[in-house]
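What the coordinates show
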Amino acid sequence: MRLSGEQAPSIAARLFRPAHREPAPAGPPTFGCFVDRAGQNLDHGYLVLFPAGGSFTGEATAELWPHGAPVVLAELVSAAIEAGARPAEPGEFTYRALRNGRLDLARAEAVRDLVAARTLFQARVAFAQAEGAVAERLAPLRESLEEWIARAEAAVEFVDESETHLPPAAFRAAIDRALALCRELLEGFRTGRVVRDGATLAIVGRPNAGKSSLFNRLLARERAIVTEIEGTTRDTLEESIDLDGIPARLVDTAGLRDRADRIELEGVRRARQAREEADLVLLVLDGSHEADPEDLAAATEAAEADPRTVVVVNKCDLELAAGRDLPHPRALRVSAKSGAGIAELKAELRGRLTGGAVVEDPIITDARHARALERTVGSLEGAVRANDAGLTEELVLEDLRQAIHELGTITGEFDAEQLYDRIFSKFCIGK
Ligand SMILES: Nc1nc2c(ncn2[C@@H]2O[C@H](COP(=O)(O)OP(=O)(O)OP(=O)(O)O)[C@@H](O)[C@H]2O)c(=O)[nH]1
Ligand SMILES: [Mg+2]
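Residues numbered from 1 in each chain as written. Chains lettered and ligands numbered in written order. Predicted model: local features only at pLDDT ≥ 70, side-chain atom pairs only at ≥ 80, totals over all residues.

Here we take up the pairing of strand E9 (residues 280-286). Among the 7 residues in E9, 6 count as buried, and that is most of the element. Pairing geometry for strand E6 (residues 199-205) and E9, over 5 bridges, is parallel. Looking at the pairing, Ala 202 lines up with Val 281 of E9. (Buried ≥ 20, exposed ≤ 12 C-beta atoms within 10 Å, placed from the backbone. Helix = DSSP H or I, 4+ residues; strand = E, 2+ residues; numbered from the N terminus. Pairing = 2+ DSSP bridges.)

Right, here's the structure in full:
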């Protein structure tokens, strides 16, 4: 339990009886007893005090470490409220850290993502962002833009002195580099988006193709009922899986067929809906059957028409399935029973979700950051056009200012004063 604010130490002191010595205003954990609202001893644990300026929020902070039973924590929270605290708003500690200048906006957002991480890969990416990876990657871009803004300012200010004019070729080269970096980061966002938000994968196909078996195999547990009876799965089933770091929602569906009772009809309707909403559709074919020309044609067609389709030929542990030609060049042969081809299938799914590119860990995972980068690109392109058309520096300057403003919204640290300092420190205006 954490208390932050001026009164944090005094409120914490009312909930805690030290065993040996009074806790220092800052320093190592003090062992003692936590007490309830009636003053009764409730639990053993530690109290840790952080001074203002030396805590996560930047304010005086008290951390209470009881054993962690929810009822004890609830009682301690009530006792703290009675002593003058109030419950924190969602994310309020991080918000205070931001307001107190301990974090930039992108790092604060990363803390949020780190807390919500569902896969280790997500946690690693969010951790790098919480360490400042976003601002770090944007720093050279900002510096370059600030420099060119400063030079454009000078050109506008001293319009009659030809030597202050922007050198068009060098300017163009610098902005092209800036654009390339923005686009690279945006390209990484393709991966970043699925790393952060996850993906939905629907498993569809004919009855008995082995959809539920594949579902179970990908989950690595016997979640769905599997039988040799057609129409076993009637309702859609959903489970979360970790697809090599990408969190995914896997949906098993009822087999698609026409003759069916009312329950199954509803199942088929839900299956179609799941297919509509999915990021990827695993179309499962039973490879052990004599090739049903209609099925194969439909699979090929589906794969051609809908880029989300992944054609999976199942039951390749059986001779007939192992020997047959694949209906589509990108189709995959698997066996839900033996596990053959499953690793390749996972790699294919991951590759499709991340755009196939072998990217390093993504830097940009947040849609807000991506939109800001897109707007930065738009403004930079405007600056290039103005420059190429030989328009006045005033117009170029306007676009550059817009670009750096957009960029600044990512970390929330754009500050005109800082920019002006830079301008005047770099330029010998008196000359
Ligand atoms: N040999 C072999 N049999 C499999 C494989 N996958 C599934 N089966 C068998 O195929 C039959 C149907 O499997 P299910 O997973 O229930 O098929 P389904 O597509 O979910 O069927 P519905 O729910 O009825 O649409 C079962 O008897 C499974 O044991 C496989 O890879 N190899
Ligand atoms: Mg099934």
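As a further point, take the confidence of the model for the protein. Summary statistics for the protein give a mean pLDDT of 87 and a share of 91% for residues scoring 70 or more. Confidence, expressed as mean pLDDT per element, reaches its minimum in the protein at helix H15 (residues 416-426) with 42 and its maximum at helix H8 (residues 211-219) with 97. Low pLDDT (under 50) marks residues 419-431, which in the prediction has 9 contacts with non-local residues, meaning those over four places away or in another chain. (pLDDT = per-residue confidence, 0-100. Contact = placed C-beta atoms within 7 Å.)

Attention shifts here to the site of ligand 1. The full set close to ligand 1 counts 24 residues, and Gly 210, Ser 212, Ser 213, Thr 233 and Gly 255 are the nearest of them. In terms of residue count, H8 provides more of the shell around ligand 1 than any other element does, 3 residues in total. (Near = placed C-beta within 6 Å.)

Turning next to the sheet that holds strand E8 (residues 246-252). Spatially, E7-E8-E6-E9-E10-E11 is the arrangement adopted by the 6 strands of the open sheet, whose pairing is mixed. Both outer strands of the open sheet, strand E7 (237-243) and strand E11 (332-333), are each paired with one neighbouring strand and no more. Running over the sheet, H8 touches E6, E7, E8, E9 and strand E10 (309-314) and is turned about 155° from E8. (Axes fitted to C-alpha atoms, helices over the stretch in contact; angles between N-to-C directions.)

The end-to-end C-alpha separation of helix H2 (residues 70-82) is 18 Å, in line with the 18 Å expected for 13 residues at 1.5 Å each. Packed against the buried residues of H2 are strand E1 (2-4), helix H1 (8-14), strand E3 (30-35), strand E4 (41-50) and strand E5 (61-65). Gly 84, located one to two residues past H2, shows a positive phi value of around 115°. (Expected span 1.5 Å × (residues − 1).)

Now for the nonpolar core. The biggest cluster of nonpolar side chains holds 79 residues, and the ones touching the most others in it are Leu 201, Ala 202, Leu 282, Leu 283, Val 312 and Leu 400. Looking at which element gives the most residues to this core, the answer is helix H6 (residues 133-157), with 9 residues. Taken domain by domain, this core gets at least three of its residues from each of domain 2 (133-193 + 371-426) and domain 3 (198-353). Sequence-distant contacts of Leu 201, defined by excluding residues within four places in its chain, comprise Ala 248, Leu 250, Val 251, Ala 278, Asp 279, Leu 280, Leu 282 and Leu 349. In terms of nonpolar packing, the next biggest core, distinct from the first, is built from 18 residues, Ile 11, Phe 34, Leu 42 and Phe 50 among them. (Core = buried A, V, L, I, M, F, W, Y, C linked by C-beta atoms within 7 Å. Domains from an automatic or database assignment.)

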